[in-house]
Every structure is written in structure tokens, then in C-alpha cells.
Amino acid sequence: MHRKRLRSCLFILPLLLCSLAVQAQLAQSAAASDTHRQQEYEIGGITVSGAQYLDQDLLLAVAGLKVGDKVRLPDDDGIARALRQLWKQDLFANLRMDITRIVGNKVFLDLVVEERPKLSAKVFRGVRKSEATELNEKVDLRVSRVVTDAVKKEAMVRIRKFFVDKGYGKVKVTVKEQKDSNKVNSVILTFYINKGAKTHINQINISGNEEATAQRLKRTFKGTKEMSRLTLHPADDRSVYGGTERNTREYFKHFGFLSLSKTLTQLDPYFRFKLFSGSKYNERKYEEDKQSLIAYYNSLGYRDAAILADTVYPVRNGNLNVDLKVNEGSRYYFGDISWRGNTKYTDEELSRILGIHKGDVYNSELLEKRLGRQISPDGSEDVSSLYMDDGYLFFNIDPVEASIVHDTINYEMRITEGSQATIGQVNIYGNDRTNEHVIRRELRTVPGNKFSRADLIRSQREIANLGFFDQEKIGILPKPHPENGTVDIDYTVVEKSSDQLQLSAGFGGGVNFYGNVGIAFSNFSVRNIFKPKYWDPLPVGDGQKFSINYQSNGPLYNSFNTSFTEPWLGGKKPNALTVSFVYSRYSAASTPELATTSFLRQLGGGVSLSSRLKWPDDNFVLTYGVNYQNYLLRNYTLVDTFRNGYSNNLYFRLVLARYTVDQPLYPRSGSDISFTFQFTPPYSAFREDRDYSTETDDQRYKFIEYHKYRFKADWYQRIVGNLVFKLSTKYGFMGYYNKEIGFSPFERFQLGGDGLSGQSYFIGRDIISQRGYEVYASDATIFNKYTAEVRYPFSLSPTSTIYGLAFFDAANAWGSFKDYNPFKLNRDAGLGIRIFLPMFGLLGLDYGIGFDRYDPANGVTSLKDMSKFTFMLGFEPD
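Residues numbered from 1 in each chain as written. Predicted model: local features only at pLDDT ≥ 70, side-chain atom pairs only at ≥ 80, totals over all residues. Heavy atoms only, no water.

1. A short note on the environment of Asn209
- Mapped onto the elements, Asn209 comes out in the loop between strand E8 (201-207) and helix H6 (214-218).
- Put simply, Asn209 and Glu328 are 119 residues apart on the chain and 6.6 Å apart in space, counted from C-alpha to C-alpha.
- Not counting the four nearest positions on each side in its chain, Asn209 is found in contact with Ala214, Leu217, Tyr297, Val326 and Glu328. (Helix = DSSP H or I, 4+ residues; strand = E, 2+ residues; numbered from the N terminus. Contact = heavy atoms within 4.5 Å.)

Here is the structure:
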């Protein structure tokens, strides 16, 4: 019995213990629930801890918490929101909110912050000084910026990208943060850069191509180039590529390169030699070049062309090889082209503008260009311009491949013409120095007129040709409003200095003072002369031109000239008024003491008026003017026996010009064509009874008479990118009225030299320069000159426009028309550079080789004897 009771107790006891445990857990859970229950408190006070350099009141204002606010603890959304707001400021490494005490229903909080340091300086290690200067601009880490991990990481990414773009594909960048003991809460960031060797492209291997050669496909790559190589052929006519080192040594020895055989074993296994370093690998450019390759195939009609696989891998010499496998696909052709939605123009008119016919090889790039979905830099006509030049700003065209039958693609051109747009507001921004009316009067986009894309392009050209703004940063932004059929147009410009200063001086050499002082203002303002706030350093803003210049070489040479141009006389039409005055005195004496006994003095001036014509088009300008020059000769031989006396040159000038150049400093398209007719009154026709054979030269030339013609044409054509071809031609001819008088001693042509010979300019010579030659014709009455140039810009910055050029000239001059032979020309070729600095104008240096200077009879046989450096300053010579 007792045993049974004992067993029953032992059985019940565990159940009781379990029951007590469950009850205890329930009690604890209830107590915990009471502890975490949200309870509302009023903020009784807030303090800030850890803020050493930041204003505590400002921090609390940013947080948005203040005494008296209600919060629910322990989890309050307002406190969490305040911490997030502070964290977004990027000023702290750590943030938290502590409860210091609770008194009744009031809670007292403490904001604990750990401030981040600010940048005091940055240092680049392992790079050249010039590279560090560029990195300063690229990285854009400003002093006093808060330093965070994200800031350091972004800087390292930019540094790496900078060197990767330069061909250092294996560059490594680390950064070290060091406290600046000289400034509070500041650090110095030191970037350690290991550029490594440049990563060049050894070979580009293309497979799968049948219709296009590998060489032609490689030419589509603009940023991915192979290292240029020199492949040698040994004496036994076997290629070094895979040939023997001994044969290569023998090859070099044959041509005298004995020392090279000692270092040959250090060359790479294939004995290839690097000529250029334009073969750096850039991943971004490589991806762009792959798209260019596909685009080239598309232009040949292979619309399905694709790159099946490509691999970039290192080779033994540390460089990279690139392997590409292409699939050309089938060649396609254009089929039927139909038009839908057009009401303004007929199908025939649109097809004529499109210029693509059934059976033409498929070319997606050509199609986009002819539709006008890609704006052509040469301004050629397309379907979109046809509509947009007539106000259809909301026009849209969608070429749809209607069907593909075998290798023929039939297109349906779906057009949405929309309504014609009217120009609303025209706004101009960025003109800090130039008055708005100077820009606005050049615009072809006038409020109330129909919108025209051609007018936009013309307006941009006119603004660029003012010369007051950075021609690369002229912005045009149409803002269409379809709801009311209008469009606002915003023009943005960036001012640049267009004034020029010439200043040089010296003493000595027995001529006392010599030098040049001059200034030219191209944005002058007469009406602001008495308004000091518009002076910079002289009154500016109205687009007027004013220049003044004085040159002296002691008593041997002095000149003074000044001119003023008002481009919009009256302010309503582009009628330009120009007035000028010139004085010069030149002596050919051997010493300054004799300068007063032998000299030529010139005094004169002129006035001209230019008007823009409407026919044949408004690119034509007609200029007409009258000039007077008085010459005084004292024991100065000008021509024949004319040594003493006065001579008067009163002449009229007519110039018909057409100017369509897109930009004045570095033209890429357009032309500059002019025909000049200059003549004096035919004085001899009024005195038929006069016997000129009995007169002295000073009597015969007292009033000189002549008629002169000049033709000049410059054409500019973009080849690709900013590579430009310039073709120029110039002709000149001077005639006389009376055979007994003959040619005037003034106004003849001088050919050769650099075009900077001031003395000839002031005795009435048209100076025609020719590179590679000295002056070889000084009294010519007829000349021809032809020039071809290829130009490429190194910098198009408004502060320094720099471009290089390769040129070929052919020219000659003759004393009379009977000697004229247009096929007998003196030829030259060479290289040059142009630098435009706003304060000094155009600077140029050319190296030309005069081929026709070769003259064995006179010992002119070497390149040194046939070549010449030519320097130019301020303007491009004729």
C-alpha cells in the first residue's frame, strides 16, 4: 500500500513542478510586457556630447527636437527621424541618443556624436608634377570637405580612371589618412599611386571576316590601336618574325648599325620595334570601338553583323592581344519605301529628299542621316529639316521595316506632322559684358515668327562670329509647348576676352626708342564712355571696334594708325560704318643721322560703309568706300627715277563678299569669298592734250591712277571629327588707264616672305606671303596663289586655341600680263602651328620647303638651303 502511494506521489510530483514552472514563466512574461509598454513622455531637456567644433544649437535645429516635444519611449519615431536627419549631413562617424534620467513624465536626453574630420590638404605620391596638377582638377577634393570612407573611395576611383584612360591599366591606388597637427579636426589625405607599366595593345586579331579585310576593320577603331611596328627583313630575305637573330644582326651590320647587335638579345623575341605609343588599352574606348565595327558592317549592308566572341589577354612582353570573331551575316538591300501620314509634301518630294532607291545597299547610318534623325555637320538637306525649317517642330518620323523578303528590306515611313510652331520667348543668358541687344540683333529666331531649324543654326553661327564668346560653349535649348503650339528658345553664352594688347619697347642700337604700343577693342561702347561701371578696362558692351597703334624704330621708322567701326549704324540694320586714319614715316638711311634726308612719309584715311544684301542670299555683304593717301618722298627711290615729290592716291573701293564660315577661330565648314574692285579717277582722260613723255616722275605721279582687282576664296570642309581641310585661292591684277603713264608706282603686289614686312605695307604694296621663300617679286602687277591645308586642333579653349597644320602652296607673280603664265608656279610644303591668345591675337610658326628654290648652278641643293621658318603675329597673312 505504501509502495503504491509512494509511486503515486512520485508520478504527481513532476506534474506539479511543471505546472509551477509554467506559471513562473507566465508571470515573468507579463512583467516584461509591462516594462516594454510604450509610454509618452515630455522632453524636459536635451544636451549634446562629443561636439567639439560644431554648434550645438545648430545640431539640435537640424535634428528637429526641442524641449516640450512629446516622445514615446522606448521606441519613438521622432527620435529615429532626428538621428537619420543628422546622419544625412555626412558630418559624423557615430550617432546615438541616450536617456540621462526620467522625472515623472519628463525625460532628459543626451545626443552623443562623434565628429568626422575635415580635409586640410591632399598629396599625390608616385606621379609627376604635371599629373598631380591634373589630378587636383579631376579628383575635386576641396579643402574643408568632410572626409568619409565614401569620399576616399570616390577619389581613388577617379584617380584610377584617370590613369587607366592614359593607358596604365594596372595602376594601384591606396590612401593614408593622417591627422593635421596644425589645424583642429583636420586630416591630410595622401594618395600613393603605383602606375605600373603602360598597357599597350600588341595585336588585334580578327577572324570570321570575308567581305571586309582585317586592316579595314581595324581602321574603324578610333581608341583601340595596335602598337606600330617595324618588321625587318634580314639579308637572306627571310622575315625576322620567326627568323634568326644572326640574320638580323647581319642586316643591321649591312647598314652600319654595329652597336645595335650588342643589344639585340634584349629586344622582344620577334624583333619588333615600337614607333608610337598611341596603342594604350582603354576598356571604355574598346567597347565603343566594337560598336563602330558593327556600324561599319551595317553601312555595307550587313544589318545582322555581330561580334560572336572577343578576348583580351596578356602576352609575354607584358602587353595585350585582342581577339575578335565576327559573324558578317547576309548583305541586305533597300526595297520599296512607302510614306504614311504626310500631307504637307507628296511621296515623290519626300523620296527625292531621302535619296535612297530600291536596290541600294542597306545602310542604317545613311538612312538615319537622310531622315534627319542624325544632324549632319555639313548641313545637307534631309526630311526632318524640310519640315522643321517650315515650322513643324513637333514633326516625327518613324521608319518601320514593313517586311523582309530574302535580302530585301521594305520600309514604311510613318510621319506625324503636327502643327506649325510659333516662336514665343527668346531668352539670352551668360552675357556678363556684352549688352543683350548686341546678341539679339544677330538672331534669326524672332518672337512671333515660325520656328525654323535653319534659323537656329544660322543664329548660332552669327553669335560665334561676333568673337565675344567661347564658340565651343554656345548653347541653344528649344522649349516646346505643344499645348499652345509655341516654342521658347534659350541661348546660353560664355564670355571671353576678345581685346588685344600689343606692347614691346627697348632702347639702344643707335636708334633711341624702338617698340610697339597698341590695343584693339572688339566690343567697344562709345555711349558708355562716361559710365565708369561699364569700363573693363575701357567701356565695353556694344560690339563696336576701336583700335589704336603706334610703332617706332627711332628716327628711322614711325607709324600711327587708328580705326573705329560701328557694326549697326542707326541700330536697325547691319550697316557697318568704318573710319580710319594712318600716318607713317620710313627712312632707308643707313644711320639715324641721315633719316631726315632720305625718307618716305604717308598720311591718309578713309571711310567705308558695308550693307548686308538680301539677294542672292543674306550671306552677301557689299562694302563701298573712299580713301585718300598723300605720299611725300625725299631722296627715296620707289620706282625708276621717282625720288622726290608729292603723290596723291584718291581711290574708291567696292567689295562684294560672301561669308558662311561657322566659327572664326577654328572654322570647320563654310567659305569666305570676296571680290574687290579698287580704282582711282582716270585723271589722264580729262587732259588729253597733256604730253606725259616730257614730264618728270613727280609731275607724272602727282595724282596716281590705276584700277585693281582682287579675288580671294577660302573653303573649309570637315574631314572627320575636328580634322579640317582648307582650300584657298587668290588672284590679283592691276591695270592702267594711260599707256604713256603706265603702272602706278604704288598699290602693286609683293610676293614671298612672311607677310610681316611693315615698310612695304606703308608704301602701298599688297603683301602676299609664301612659306619657304624669301621675297622674290616686289613690283608685280599680277599674281596667283593656291593653298591646301589640313588642320587639327590640340586645344579649342577660348584662352588658348591651338592647332597644327600641314600645307602645300603654289604661287607666282609677274610684272605684266604679257609675261603671265598660270602654270609656272613656285611650290612649297611644310608644317606649322597656330596659337590664338586673346590678348595678343594669332601667333604662328611655319616651316616650309621651297621646292623650286633648288638650283645646283648657284649651290642651292640641300634641304637647309631650300627651307625657311616663317613667323606671323596678329593676323593670318594673305
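2. Focus on the packing of helix H2 (residues 56-63) against helix H3 (residues 77-87)
- The contact between H2 and H3 brings their axes to 8 Å, and the two run at 120 degrees. Our classification of the angle between H2 and H3 gives oblique. Contacts between H2 and H3 involve Leu59, Val62 and Ala63 on the former and, on the latter, Ala82, Gln85 and Leu86.
- Of the residues that constitute the contact of H2 with H3, the class distribution is 5 nonpolar, 1 polar and no charged. (Axes fitted to C-alpha atoms, helices over the stretch in contact; angles between N-to-C directions. Parallel < 35°, antiparallel > 145°, perpendicular 65-115°, else oblique. Nonpolar A, V, L, I, M, F, W, Y, C, P; charged D, E, K, R; others polar.)

3. Here's the deal with the packing of aromatic side chains
- Scanning the model with the defined rule gives 34 aromatic pairs in all.
- Centroid distance Phe334 to Tyr362: 5.4 Å. Interplanar angle 45 degrees. Geometry classified as tilted. With a gap of 28 residues between them, Phe334 in strand E11 (residues 333-340) and Tyr362 in the loop between helix H10 (347-354) and helix H11 (364-371) connect regions that are remote in the sequence. Each member of the pair, Phe334 as well as Tyr362, is classed as buried.
- Following the ring pairs from residue to residue traces out a cluster consisting of Phe652, Phe677, Phe679, Tyr709, Phe733, Trp814, Phe817 and Tyr820.
- The ring centre of Tyr345 lies 5.9 Å from the NZ or CZ of Lys344, which sits over that ring.
- Above the face of the Phe807 ring, Arg771 is positioned so that its terminal group lies 3.8 Å from the ring centre. (Phe/Tyr/Trp six-rings, centres within 6.5 Å; stacked < 30°, edge-to-face > 60°. Buried < 20%, exposed > 50% of the residue type's maximum accessible area, 1.4 Å probe, protein only. Lys NZ or Arg CZ within 6 Å of the ring centre and 35° of its normal.)

4. Details of the environment of Phe652
- On the secondary structure map, Phe652 appears in strand E24 (residues 645-659).
- In the structure, Phe652 is positioned 24 residues away from Tyr628 in sequence and 8.9 Å away in space, judged by C-alpha atoms.
- With near-sequence residues (within four places) excluded, Phe652 lies in contact with Gly625, Val626, Phe677, Gln678, Phe679 and Pro681.

5. Topic: the sheet that holds strand E15 (residues 475-481)
- Taken together, 3 strands build an open sheet; the order of strands is E14-E16-E15 and the sheet is mixed. Each of the sheet's edge strands pairs with one partner strand only, and the pair in question is strand E14 (422-429) and E15. Across the sheet, the axes of successive neighbouring strands diverge by a mean angle of 20 degrees, strand direction being ignored.
- Note: E15 against strand E16 (residues 486-492), 7 bridges, orientation antiparallel. Its bridge partner being in E16, Pro478 is matched across the sheet by Ile489. (Pairing = 2+ DSSP bridges.)

6. Points about the side chain of Gln678
- As for its position among the elements, Gln678 is in strand E25 (residues 670-679).
- In this structure, Gln678 is in contact with Tyr651, Phe652, Arg653, Tyr706, His707, Lys708 and Glu747, ignoring residues within four places of it in sequence.

7. Considerations on unusual backbone geometry
- Here the residue pair Trp615 and Pro616 is connected by a cis peptide bond, since its omega of 0 degrees sits within 30 degrees of zero.
- Its location among the elements puts Pro616 in the loop between strand E22 (599-612) and strand E23 (620-634).
- We note that Glu747 has phi near 65 degrees; this positive angle belongs to a residue other than glycine.
- With respect to the helices and strands, Glu747 occurs in the loop between strand E27 (723-735) and strand E28 (748-751).
- A residue is classified by how much of its surface remains accessible, and Glu747, at 5% relative accessible area, is buried.

8. A word on the packing of helix H4 (residues 129-139) against helix H5 (residues 149-165)
- Where H4 meets H5, the closest approach of the two axes is 10 Å, and the angle between their N-to-C directions is 130 degrees. Accordingly, the angle class assigned to the pair H4 and H5 is oblique. The hand of the H4/H5 crossing is right-handed. Seen from H4, the contacting residues are Glu131, Glu134, Leu135, Lys138 and Val139; seen from H5, they are Ala155, Arg158, Ile159, Phe162 and Phe163.
- For the contact of H4 with H5, the class distribution of residues is 6 nonpolar, no polar and 4 charged. (Left-handed = near helix turned anticlockwise from the far one by under 90°.)

9. Description of the sheet that holds E28
- Read from one edge to the other, the open sheet built from 3 strands follows the order E29-E28-E30, with strand pairing classed as mixed. Only two strands of the sheet have a single partner each, and these edge strands are strand E29 (765-768) and strand E30 (777-780). The average undirected angle you get between the axes of adjacent strands in this sheet is 25 degrees.
- Looking at chain direction, E28 and E30 are connected through 2 bridges and run antiparallel. Opposite Phe749, over in E30, you have Ala780 as the bridge partner.

10. Side note on H3
- When we look at burial in H3, the residues that qualify are Gly78, Ile79, Ala82 and Leu86. End-on view of H3: buried residues confined to an arc of 100 degrees, all on one side of the axis. Summarising the geometry of H3, the exposed residues directed more than 90 degrees from the buried face are Asp77 and Arg84.
- Contact partners of the buried residues in H3: H2, strand E2 (70-73), strand E3 (92-103) and strand E4 (106-115). (Arc of directions from axis to C-beta.)

11. Looking at the pattern of salt bridges
- Tallied over the full model, the rule gives 46 salt bridges.
- The closest approach of N and O atoms between Glu226 and Lys218, which form a salt bridge, is 3.1 Å.
- According to the relative accessible area criterion, Glu226 is partly exposed, its value standing at 27%.
- Accessibility expressed as a relative area gives 16% for Lys218, which makes it buried.
- Linking Glu412 and Arg340 is a salt bridge whose minimum nitrogen-to-oxygen distance equals 3.8 Å. Of the two residues, Glu412 is situated in strand E13 (residues 408-416) and Arg340 in strand E11; the sequence distance between them amounts to 72 residues. (Salt bridge = Lys/Arg side-chain N within 4 Å of Asp/Glu carboxyl O.)

12. A few points about the side chain of Thr787
- The residue Thr787 is located in strand E31 (residues 782-797) in this model.
- Here Thr787 falls in the buried class, since its relative accessible area comes to 8%.
- Among the polar contacts listed, one links the side chain of Thr787 to the side chain of Asp809, at a separation of 2.9 Å.
- In this structure Thr787 touches Lys726, Leu727, Ser728, Arg771, Phe808 and Asp809, once residues within four positions along its chain are discounted. (Polar contact = N/O pair within 3.5 Å; in protein donor to acceptor, adjacent residues only side chain to side chain.)

13. Topic: the confidence of the model for the protein
- In this model, the protein carries a mean pLDDT of 82, and residues with pLDDT of at least 70 account for 85%.
- Low pLDDT, under 50, characterises residues 230-277; the predicted model gives this stretch 61 contacts beyond four residues in sequence or across chains.
- Residue range residues 757-761 is modelled with pLDDT below 50. Its contacts to residues more than four positions away, or to other chains, number 8 contacts. (pLDDT = per-residue confidence, 0-100.)

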